[in-house]
Amino acid sequence: MSAQSRSTTFTGLFLPNETEEIQAIEIPMIQRDYAQGRESAAVDEIRKKFIDVLHSAVAGEKPAPVDLDFVYGEVKSGVLEPLDGQQRLTTLFLLHWYLASRAGELRSTEAWAKFSYATRPSARLFCERLVMTTLPDTVEQPSAWVIDQPWYLFVWRHDPTIQSMLVMLDAIHLKFRTVDSKMAWDRLVDPIEPAVSFLLLAPPNMGSTADLYIKMNSRGKPLTDFENFKAHFEETIESTDRAKEFALKVDGTWSDLLWGFVVDDDLVDDEFMRYIGYITELCEWLDPGVEVSERPERLSHRTERVFGAVNPKRAESLDFLFKAFDVWGGRDVAGVFSGLFRGTTERQDGAEADRVTLFFRDQRINLFDACCRTFGDTSGRTRVFTFGQGLLLFAVLHHLINDTDAIPARIRSLRNLIEASPNELRVDRMPRLLRDVERVVLGDALGEIDSFNKAQVEDELLKRDFLAVHPELTEALHRLEDHHLLRGSIGAFLLDPEKFNARSDAFHRLASEPESWFEATGALLAAGEYQRTTNNRKFQFGTGSKRFENAWRELLTGADREALSSTRSALARLLDSIDDGDDLKPALVAVQSEWLAQRESELDFDWRYYMVKYSAMREGGSGIYYSESGALGYSLCMLRGGTSTLNSRYRDPYLLAIWRNLGNPLNVEDPWFTGHETIPRRLRLTRSGVGIRSVPTGFELSGPALNDFAELYYSIRRELGVSQGGIIEIKQMDGIDTVDRIAIGTEIVRQLLDAGL
């Protein structure tokens, strides 16, 4: 060891030696403020780890002496000015004060107490006052006690070094408050077997301190999160036989792999952190022994639980981590994903029928790329890299690691299951979902899975059996599954081998012409009662609006085949009526006209008749209707596009049809309504306030808002044949109209207006 360097301790610095004697320590002006007491997630972890190390060295059951590397500085007139080691020396000073106080060994005249800061006069004065004050044993929070001392100045709340020291004192107290302070102090200052030591480098003739400091720090920036994580991870797995391999690969082949996914910072740090975060999360979910915290945690804490010595499954998890990186080596990563998937805008043809369309909001089909760029990011409470993307990437990893066969079909089934399971894709179900993904990828065991949407599982089995008998229909079925309105769910389609191709083509044609959707809603009603309901009040139909096209998805997917039976039958009849050579819109109008003519000949005017004949009754872009009776009839609420409940304005389709029939007159209020479906809805005359309401037996009239119109109103009531209860009855048979109530309602309003109401 040179004369300019020696191994020492904090108190040993001040002992006589061959070189210049040190009488005090002063942090030079050029140094930054004390940082180890700052309050942030990154510093919290550094502080905790450092205090843990110090505790193990001086107060543990089996003391483990620690070497804190080197402290570099210059000794001027007996004062050590550290250029490197400021943070460690400040923490050691605070630890010495704390233990000396508790052990009854605090004397301000001791050499080690001559510690100060030149950076701020306030910090220097704080250190001077601190060593003159003994901390009582009864104190619960040292910082609060210090702040309460008469020598503590109020303005010090603005000094970052002092505030950091107070935070560090609280952290030291939290760790050391129960230790034998006298024994800990003795170990700390033991000159023979030091608990905490470091190498002091203090060469003479250093030159300009400022220039040297700048040179020492010119290369740099603080360690990145990844560099800190990497060091922590290497320490976590250092006792395993994979430690050296990790150190080599993380800066070698794995780094080379991720270079292709760097965005704009010429670093692979973020990409590493995201992908390792993804793999760690998978291992957490796959290991029932790992308790996953409900709160976000630093990745280093999570990897310690998963890959650390306390976890009996650490070897299995480490093996998966290495395979999850190594499997991409030598592969065209983008080519792997483009061979399996396509985006929604990519052209689909028979030559690429096996490629599966992805419907994620992030349209990148390279899921590895998406993971490296967005895993861990959120939009509000929503993950940017979704559970669905994570499950499919997990499936691809398993396929590549295990070299499975028939992967396109299995990936397709998984895509379908994921799209059909929005309610099932939750963090608490992810362990089971991952196991099911493994079952599908490794063994095509669809019949054994139990975590995805059960109706979709049953349909996947049904489709598999269907294609086994009719493989020639594979392209048509896959093309149908890949439609963005269906996303893998084709429970609304009959698996009829003779007509499947033609119906699939007809659906694609219909779905590709949204300008014909309005006519399609009428033609589909003419084909049958195709609507679906999730309760006794709410009914889902199709929409005529491209903007609210998701109504079709709500209608055609999300239920089992039994619940979709009426929809399936009506859709089949409509698709059978569409010929390749016909113009679509006139063909749909013809379907409606033919059906209406039949109903009119039979005097059968139920709710379907009115909704087909009067297009105003299908104007609601949402395709959602509410009924107060629990069945569709002559009193309905029709919701606007973009709404699904009755908490905003909506239409009464019967009253709207009458108003449209009248030509949208200004002397009749535009019929918008709010509130529960049981609240009466009336088409009102603006002058008198007289109202008309559609009820099961006909129309109900309500009187004027002003008494000035009362006499005239009651005169017109008699002419219209209004009953004692205010009802104008419509001829019916078995509760079904035999005359057109919209035409009658239109005439009633005309008479009321003509009478001056």
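Residues numbered from 1 in each chain as written. Predicted model: local features only at pLDDT ≥ 70, side-chain atom pairs only at ≥ 80, totals over all residues. Heavy atoms only, no water.

Participant: Tell me what's going on with the overall build of the protein chain, and back it up with residues and numbers.
Facilitator: Helix and strand content of the protein chain: 29 helices and 21 strands. Against the compact-globule benchmark of 27 Å for 757 residues, the protein chain has a radius of gyration of 39 Å, which places it well outside the compact range. Based on the C-alpha atoms only, the size of the protein chain along its principal axes is roughly 120 × 75 × 45 Å. By the burial criterion, 54% of the 757 residues in the protein chain qualify as buried. Partitioning the intrachain contacts of the protein chain with sequence separation of at least 6 by distance along the chain shows that 66% fall at a separation of at least 24. Carbon and sulfur atoms make up 49% of the accessible area of the protein chain, which amounts to about 35,200 Å² in all. (Helix = DSSP H or I, 4+ residues; strand = E, 2+ residues; numbered from the N terminus. Rg over C-alpha atoms; globule rule 2.2 N^0.38 Å. Buried < 20%, exposed > 50% of the residue type's maximum accessible area, 1.4 Å probe, protein only. Contact = heavy atoms within 4.5 Å. Areas by Shrake-Rupley, 256 points an atom, 1.4 Å probe, with all protein chains shown as cover.)

Participant: So, the confidence of the model for the protein chain: which residues are in play, and what are the values?
Facilitator: Counting all residues, the mean pLDDT for the protein chain is 88, and 93% of those residues have values of 70 or more. Here residues 207-221 scores under 50 on pLDDT; set against residues more than four positions off or in separate chains, the count is 15 contacts. (pLDDT = per-residue confidence, 0-100.)

Participant: Describe the packing of aromatic side chains, with residues and values.
Facilitator: One pass over the structure, following the stated rule, counts 40 aromatic pairs. Note on Tyr-152 and Trp-156: the rings are 5.3 Å apart at their centroids and 90 degrees apart in plane angle, and the pair reads as edge-to-face. Residue classification places Trp-156 among the buried residues on the basis of a relative accessible area of 2%. When the ring of Phe-233 is compared with that of Phe-246, the centres are 4.7 Å apart and the planes differ by 50 degrees; the resulting orientation is tilted. Here the residue Phe-233 occupies a position in helix 8 (residues 225-236), and Phe-246 occupies one in helix 9 (residues 243-250), the gap between them amounting to 13 residues. Of the two residues, Phe-233 and Phe-246, both sit in the buried class. Its end group placed over the ring of Trp-672, Arg-651 keeps NZ or CZ at 3.7 Å from the ring centre. One residue, Arg-741, lies across the ring of Tyr-634, its end atom 3.9 Å from the ring centre. (Phe/Tyr/Trp six-rings, centres within 6.5 Å; stacked < 30°, edge-to-face > 60°. Lys NZ or Arg CZ within 6 Å of the ring centre and 35° of its normal.)

Participant: How would you explain the nonpolar core if you had to name every residue and give the values?
Facilitator: Formed by 85 residues in total, the largest nonpolar core has its most connected members in Phe-493, Phe-541, Tyr-610, Leu-701 and Leu-752. Those residues in contact with Leu-752 that sit more than four places away from it in its chain are Leu-685, Val-690, Leu-701, Ile-716, Leu-720 and Leu-757. (Core = buried A, V, L, I, M, F, W, Y, C linked by side-chain atoms within 4.5 Å.)

Participant: Can you lay out the pairing of strand 3 (residues 66-76) for me, pointing to particular residues and giving the numbers?
Facilitator: Two elements, strand 3 and strand 6 (residues 196-201), share five bridges in a ladder whose sense is parallel. Bridged to Asp-67 within strand 6 is Ser-197. Bridge analysis of strand 3 against strand 4 (residues 79-84) gives five bridges, and the strand direction is antiparallel. For Lys-76, the partnering residue across the bridge sits in strand 4 and is Val-79. Between strand 3 and the antiparallel strand that follows it, strand 4, lie two residues; Ser-77 among them carries a positive phi value of about 55 degrees. (Pairing = 2+ DSSP bridges.)

Participant: Tell me about the sheet that holds strand 15 (residues 650-651), residues and numbers included.
Facilitator: Taken in spatial order, the five strands line up as 11-12-13-14-15 in an open sheet, and their pairing is antiparallel. Whereas interior strands pair on both sides, the edge strands pair on one side only; in this sheet they are strand 11 (532-533) and strand 15. As defined by bridge partners, strand 13 (residues 624-627) adjoins strand 14 (residues 636-639) across three bridges and the pair is classed as antiparallel. Each bridged residue has a counterpart across the sheet, and for Tyr-626 the counterpart in strand 14 is Cys-637. Across the sheet, helix 27 (residues 653-661) is in contact with strand 13, strand 14 and strand 15; its angle to strand 14 comes to roughly 75 degrees. (Axes fitted to C-alpha atoms, helices over the stretch in contact; angles between N-to-C directions.)

Participant: Give a detailed account of the sheet that holds strand 17 (residues 691-695), specifying residues and quantitative values.
Facilitator: As summarised here, the arrangement of the four strands in space is 16-17-18-19, forming an open sheet in which the pairing is antiparallel. One side of each edge strand has no neighbouring strand; the edge strands of this open sheet are strand 16 (683-684) and strand 19 (727-729). With five bridges connecting them, strand 17 and strand 18 (residues 698-702) associate as antiparallel partners. Note on strand 18: the bridge partner recorded for Ser-694 is Phe-699.

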